[in-house]
Amino acid sequence: MSTVVDPIEEFVNSDYKYGFITDVESESLPPGLNESVVRAISAKKNEPEWLLEWRLKAFRHWQTMAEPKWPNVHYPTIDFQKIVYYSAPKSNKDGPKSLDEVDPELLKTYAKLGIPLHERARLAGVAVDAVFDSVSVATTFKGKLAEKGIIFCSFSEAVREHPELVKKYLGTVVPYTDNYYAALNSAVFSDGSFCFIPKGVRCPMELSTYFRINAKNTGQFERTLIVAEAGAYVSYLEGCTAPMRDENQLHAAVVELLAMDDAEIKYSTVQNWYPGDKEGRGGIYNFVTKRGLAKGRNSKISWTQVETGSAITWKYPSCVLQGDNSVGEFYSVALTNNLQQADTGTKMIHIGKNTRSTIVSKGISAGRGQNSYRGLVKVMKSATHARNFSQCDSLLIGDQCGAHTFPYLEVKNTTARVEHEATTSKIGEDQIFYCQQRGLSRQDAVNMIVNGYCKEVFRQLPMEFAVEAQKLLGVNLEGSVG
Amino acid sequence: MNKNPILEIRNLQAGVEGRKILKGLDLTINAGEVHAIMGPNGSGKSTLAAVLSGKPGYEVLGGTATYFGKDLLDMDPEERAREGVFLAFQYPVEIPGVNSTYFLKAAVNEVRKHRGEEELDAIDFLKLVKERMKVLHLDESLLSRPVNEGFSGGEKKRNEIFQMALLEPKLAILDETDSGLDIDALRIVANGVNKLKHSDNAQLVITHYQRLLDYIVPDFVHVLLDGRIVKSGGKELALELEKDGYDPIIEQESNLVTA
């Protein structure tokens, strides 16, 4: 009989496919963080005085804070003085006017990742705002969006072109005092995306950003702000991969969503940052603050995330349901393999009357991965007839991984209805054998079972993104099939 | 007519978790034949099915199994399946979340790919499914459900034979397919199996009771005892066993050993 390759081993042995480094000269600040670094970042971007002041306030506040220790993850203490807080592709100083002006090396990188920018953008009707390190290098479909009054640009550009909007909304959903990493981000954020959908406008295409971290020791501090005015609708996609690196890279992004009366924001993420090697070396630390404020009546905020990468993920996309009848949704697939750790979940804060929220979380642990769901459902006194449904499932592959669930409920209104369901299951050797006996390889069997398990979440993703997410999960489950 | 051997087992010895269960089993199955393996609990019937299909955890300790001239025991389980070895499971497992149609289409196309045939598209596949489903009296709604999830015992067994009808194996191994079936379901399942019998394939029916063999009539019946085939005969042997049980054979055997 031939040797049967263990699927668990296949999991553990699968290498990160996107580990390559683009050879682009970077212009970086020296490592370290103090007030002059904050000033230098602001100066490099020719920012107005008010923004510098805001950054400095955030920095001073950050200095008074302590790193949070409550997540169920373990890692060596981060030396914030060893991190580079600004780096930009040099050839891109003045910003490209079109794709032809984009550094071909960068375009090649995207192509390797399966993101052929021109074709993709045109065929799929996706406007791509690609963030390479810290500066946006390409923006497409701008004209088409502008006709409708939609603003979709890099954060820096928004600061230059629409300072009044940025000033009005920046920090209104996630104030710089919110938490340690949000404060850090507010002080040193380099770039990101800005999106504004005016009253009554339905954004005619999916908006999309691809993130990538590519310079050694570069902390990546993205800032995204999406505002949907009354009756507006937008679907926003965020996806990212990173090249292989030895040292841990810190990523502390902030995403703020704001939905006014009858507005809807759908935010989808596929995250595949370098998770570290089999021994747990390298890999991205992903400490992100994502929050949506459903401010208006009948507004809706929907988060969908597929998290397959990062050494450590610490992330709770949340909804503050302030407007009456507002709706919050959270659909999540989080995969941890090898020594990856994830502490992720959501917060649903019910403030308005008749607010509704849905949580569907699917955790997958393989190798020695540790996966924690942490969720808070909070119903305030004012939230009459609030409703929540939570479903938290865990799937284990092999016997060295772990799944943990930390659901918190705080209900202060007796008319509220809150439901929580949880399951834990394991991919059985007998299930894999059953598939094999019908002609499927072990790998295909594992992929099929995992995809079946995640279906509910994938269904929430826009079509081509769902296909990509499925592919990504396959890549991360891929091994040397014997 | 020349006999075309599909499977030739010689002196097969195998075990699980360090325990030797098959202790030198010989069996030849030719094209167009139906063989029944009978035996008391613990005689090695299910181990034989597991070893032939390549179930992980089972260890081959000696002997050979040649399938169409190739070394069967050297193949991965999926390779055996693609080469036409089909196991109808005694306990079909549930695979939550995986849609039955999707699963079956993937399986059928793996086999077709292996044979160098073109893969079926969704429309042709559904046509094939509808045609084969009628034979098993299966409700089409089962196909939109996850594999085996929430199926009744009878539905699971009928689903196994339905998969067999789709995959058209050369060697079908039916492991206690009759267990847990009422008489009507048994008749439907047996009828399905009989319709799939051709001159170029073979069936190995593993059963504890003679009952199934009223419907699937074997050409040969073998008695498996303590890991070896101790008696072979025609279909009348099954009736004998039904009447007298395994004891006379066991007694005969122990006399042989002590003699």
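Refer to the structure above for everything that follows.
Residues numbered from 1 in each chain as written. Chains lettered and ligands numbered in written order. Predicted model: local features only at pLDDT ≥ 70, side-chain atom pairs only at ≥ 80, totals over all residues.

### Description of the sheet that holds strand 5 (residues 70–71) of chain B
Spatially, four strands are ordered 2-1-4-5 (chain B) in an open sheet, and the strand pairing comes out antiparallel. One side of each edge strand has no neighbouring strand; the edge strands of this open sheet are strand 2 (19–30) and strand 5 of chain B. (Pairing = 2+ DSSP bridges. Helix = DSSP H or I, 4+ residues; strand = E, 2+ residues; numbered from the N terminus.)

### Quick look at unusual backbone geometry
One non-glycine residue, Asn325(A), lies in positive phi territory at about 65°. By secondary structure assignment, the location of Asn325(A) is in the loop between strand 16 (318–321) and strand 17 (327–336). Its 18 C-beta neighbours within 10 Å are what place Asn325(A) among the partly exposed residues. Of note, Phe68(B) is a non-glycine position whose phi angle comes to about 45°, a positive value. Tracing the sequence through the fold places Phe68(B) in the loop between strand 4 (58–67) and strand 5. (Buried ≥ 20, exposed ≤ 12 C-beta atoms within 10 Å, placed from the backbone.)

### Describing the interface of chain A and chain B
In this assembly, 20 residues from chain A lie in contact with 27 residues from chain B. Put simply, the parts of the chain that give the side of chain A that touches chain B at least two residues each are helix 10 (429–437) and helix 11 (442–458) of chain A. Ranked by residues supplied to the side of chain A that touches chain B, first place goes to helix 10 of chain A with seven residues. (Contact = placed C-beta atoms within 7 Å.)

### Points about helix 11 of chain A
The end-to-end C-alpha distance of helix 11 of chain A, which contains 17 residues, comes to 22 Å, matching closely the 24 Å that a straight helix rising 1.5 Å per residue would cover. For helix 11 of chain A, a buried count of twelve out of 17 residues is recorded, marking the element as mostly surrounded by other parts of the structure. (Expected span 1.5 Å × (residues − 1).)

### Here we look at the packing of helix 3 (residues 100–114) of chain B against helix 5 (residues 153–167) of chain B
Residues and elements named next belong to chain B. Packing of helix 3 against helix 5 leaves a shortest axis separation of 10 Å and a crossing angle of 35°. Here the hand of the crossing between helix 3 and helix 5 comes out right-handed. For the pair helix 3 and helix 5, the contacting residues are Leu104, Ala107, Val108 and Val111 in the first and Gln163, Leu166 and Leu167 in the second. Across the contact of helix 3 with helix 5, the residue classes tally to six nonpolar, one polar and no charged. (Axes fitted to C-alpha atoms, helices over the stretch in contact; angles between N-to-C directions. Left-handed = near helix turned anticlockwise from the far one by under 90°. Nonpolar A, V, L, I, M, F, W, Y, C, P; charged D, E, K, R; others polar.)

### Focus: the pairing of strand 21 (residues 387–396) of chain A
Sheet analysis places strand 19 (residues 356–365) of chain A next to strand 21 of chain A, joined by ten bridges and oriented parallel. Considered in strand 21 of chain A, the bridge of Ser357(A) is made with Asn388(A).

### Regarding the nonpolar core
In terms of nonpolar packing, the biggest core is built from 189 residues, with Ala228(A), Val234(A), Leu257(A), Ile265(A) and Ile173(B) touching the most fellow members. Looking at this core, the element that brings in the most residues is helix 11 of chain A, giving nine residues. (Core = buried A, V, L, I, M, F, W, Y, C linked by C-beta atoms within 7 Å.)

### Concerning helix 6 (residues 183–195) of chain B
Because each turn of an α-helix spans 3.6 residues, side chains separated by three or four positions in sequence point in the same direction. Residues and elements named next belong to chain B. Between the first and last C-alpha of helix 6 there are 18 Å, a value that for 13 residues agrees with the 18 Å anticipated at 1.5 Å per step. Taken residue by residue, helix 6 has Leu186, Ile188, Val189, Ala190, Gly192 and Val193 as its buried positions. Where helix 6 is buried, its residues touch helix 4 (122–136), helix 5, strand 9 (171–175) and strand 10 (202–207).

### Re the sheet that holds strand 12 (residues 228–233) of chain B
Pairing between sheet strands relies on hydrogen bonds along the backbone, with the strands arranged either parallel or antiparallel. Residue and element names in this part refer to chain B. Ordered in space as 6-9-10-3-11-12, the six strands form an open sheet in which the pairing is mixed. In this open sheet, the two strands that pair with only one neighbour each are strand 6 (85–88) and strand 12. The mean angle between the axes of side-by-side strands here comes to 20°, regardless of whether they run parallel or antiparallel. Sheet topology note: the strand 3 (residues 34–38)/strand 10 ladder contains five bridges and is parallel. Bridge pairing links Ala36 to Val205 in strand 10. Helix 5 contacts strand 6 and strand 9 of the sheet and is inclined by roughly 165° relative to strand 6.

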